[in-house]
Amino acid sequence: ALCTPDRLLEIVRHFTLFDGGERKVARYQQFFAVKDTTQRLRIIGPDGVRAGGVVWHTQGSGKSLTMVMLADAILREFGALEPRIVLVTARNDLDDQLYDAFRGAGVELTQAESGRNLRRLLRDPRAKIVATLVHKFVRALNDRQPLATDPNVFVLVDEGHRTHTGTLHAAMRIALPKASYVGFTGTPILRGDKQTVQRFGGLIGQPYTIAQAVEDKAVVPLVYEGRHVPQNIDEQPIDAWFGKYTAALTAEQ
């Protein structure tokens, strides 16, 4: 339904952006991820906290630009509520990559330089979009008091599968207790591994798997090749060592 008038106008107006000077249009999984996530964020629980969830799109599917388009949708959808967006990553290179993606698309944001700087930015309502490493929340909580209690804070977490099972994620929740959390992951969520989905509040929309991405020719097939590694083992000294250290043991031991 790309060329139905309403959708075509929406694609042109809100799902077209520049990335490093190159005009890009959202692919179908990006379009529906933004739409489904925005719909999820409209849900407010009895505690006054907005619902969140996990967007599961395989690596190479353009999650960084999906986050840019989602941030734009949040600012439009909830503009009257003066929303704020916090972009969270787990590594310096990802932090820089996401920052550059937003800047390249013409979005103004501030990158937290330290835990102390993050604390100041989160307490400043003028800082509308903040990018930070998840580790900086620990240092930002000098007295373990919330840094922002506004329910219209939206936390977008890249690589939500990593570092979000322990103290780092807990510190983020303490700092922003009323925020809505949306995690993005390219790591396959195994049938028995539902921690990530539960932690963020359920799966949003349909997964975009590596099989779909390969079929769409968005990524190349991932091929593993087993290789034989020649090894020379000097058995005699190993046997002598083993005999020496097991001399006092029974056969069963």
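Structure's up top.
Here's a quick rundown of the structure. All values derive from a computational prediction rather than experimental measurement.

### A few points about the sheet that holds strand β7 (residues 153-157)
With respect to topology, six strands assemble into an open sheet ordered β3-β8-β7-β4-β6-β5, the strand pairing being parallel. This sheet does not close on itself; its edge strands, each paired only once, are β3 (53-56) and β5 (110-111). In terms of strand pairing, β5 meets strand β6 (residues 129-133) through two bridges, oriented parallel. Within β6, the position partnered with Q111 by the bridge is A131.

### Here we look at the nonpolar core
Grouped together as the largest cluster of nonpolar side chains are 32 residues, with contacts concentrated most on I74, I85, L87, F102, L156 and V182. It is helix α3 (residues 63-77) that contributes the most residues to this core, eight residues altogether. Apart from the residues within four sequence positions on either side, L156 is in contact with M67, L70, I74, I85, V86, L87, V88, V182 and F184. Formed by 26 residues, the second largest nonpolar core is a distinct cluster that contains A112, V134, V155 and V157.

### A word on a nonpolar patch on the surface
Where nonpolar side chains cluster on the molecular surface, the patch consists of L2, L8 and V12 and spans about 270 Å² of accessible area. With respect to the element layout, L8 can be found in helix α1 (residues 5-14).

### Brief notes about α3
Because an α-helix completes one turn every 3.6 residues, residues spaced three or four positions apart along the sequence face the same direction. Along its 15 residues, α3 runs 20 Å from first to last C-alpha, staying within 8% of the 21 Å computed at 1.5 Å per residue. Counting buried residues in α3 gives 11 out of 15 residues, a clear majority hidden from the surface. The set of residues buried in α3 consists of K63, S64, L65, T66, M67, V68, M69, L70, A71, A73 and I74.

### Brief notes about the pattern of salt bridges
This structure, assessed with the given rule, holds seven salt bridges. Note that D216 and R27 form a salt bridge whose closest N and O atoms lie 3.5 Å from each other. Placement of D216 in the loop between α9 (210-215) and α10 (235-245) and of R27 in the loop between β2 (22-25) and α2 (28-41) is noted, with a sequence separation of 189 residues between them.

### Regarding the packing of α2 against α3
Packing of α2 against α3 leaves a shortest axis separation of 9 Å and a crossing angle of 40 degrees. Put simply, α2 runs oblique to α3. The interaxial crossing formed by α2 with α3 has right-handed handedness. For the pair formed by α2 and α3, the contact residues are Q30, A33, V34, T37, T38 and L41 on the first element and L65, T66, M69, L70, A73, I74 and E77 on the second. Among the residues making up the contact of α2 with α3, the classes are represented as eight nonpolar, four polar and one charged.

### Some details on the side chain of R50
For R50, the position within the fold is in the loop between α2 and β3. Buried charge R50 goes without a salt bridge, the closest partner of opposite sign being D150 at 7.5 Å. Within polar-contact distance, the side chain of R50 engages the backbone oxygen of L41 at 3.0 Å. There is a polar contact of 3.0 Å between the side chain of R50 and the side chain of N152. In this structure R50 touches L41, R42, I43, I44, F78, L81, P151, N152, F154 and S180, once residues within four positions along its chain are discounted.

### Notes on the environment of G52
You can see G52 is positioned in the loop between α2 and β3. Note on G52: relative accessible area 8%, which makes it buried. Each C-alpha atom, one on G52 and one on L94, is 22 Å from the other, the two residues being 42 residues apart in sequence. Every residue in contact with G52, bar those within four places of it in the chain, is listed here: R40, S180, Y181, F200, G201, G202 and I204.

How each quantity is defined
- Residues numbered from 1 in each chain as written.
- Predicted model: local features only at pLDDT ≥ 70, side-chain atom pairs only at ≥ 80, totals over all residues.
- Heavy atoms only, no water.
- Pairing = 2+ DSSP bridges.
- Helix = DSSP H or I, 4+ residues; strand = E, 2+ residues; numbered from the N terminus.
- Core = buried A, V, L, I, M, F, W, Y, C linked by side-chain atoms within 4.5 Å.
- Buried < 20%, exposed > 50% of the residue type's maximum accessible area, 1.4 Å probe, protein only.
- Contact = heavy atoms within 4.5 Å.
- Patch = residues over 30% accessible without salt bridge, like charges linked within 9 Å, V, L, I, M, F, W, Y side chains within 5 Å.
- Areas by Shrake-Rupley, 256 points an atom, 1.4 Å probe, with all protein chains shown as cover.
- Salt bridge = Lys/Arg side-chain N within 4 Å of Asp/Glu carboxyl O.
- Expected span 1.5 Å × (residues − 1).
- Axes fitted to C-alpha atoms, helices over the stretch in contact; angles between N-to-C directions.
- Parallel < 35°, antiparallel > 145°, perpendicular 65-115°, else oblique.
- Left-handed = near helix turned anticlockwise from the far one by under 90°.
- Nonpolar A, V, L, I, M, F, W, Y, C, P; charged D, E, K, R; others polar.
- Lys, Arg positive; Asp, Glu negative; His and termini not counted.
- Polar contact = N/O pair within 3.5 Å; in protein donor to acceptor, adjacent residues only side chain to side chain.

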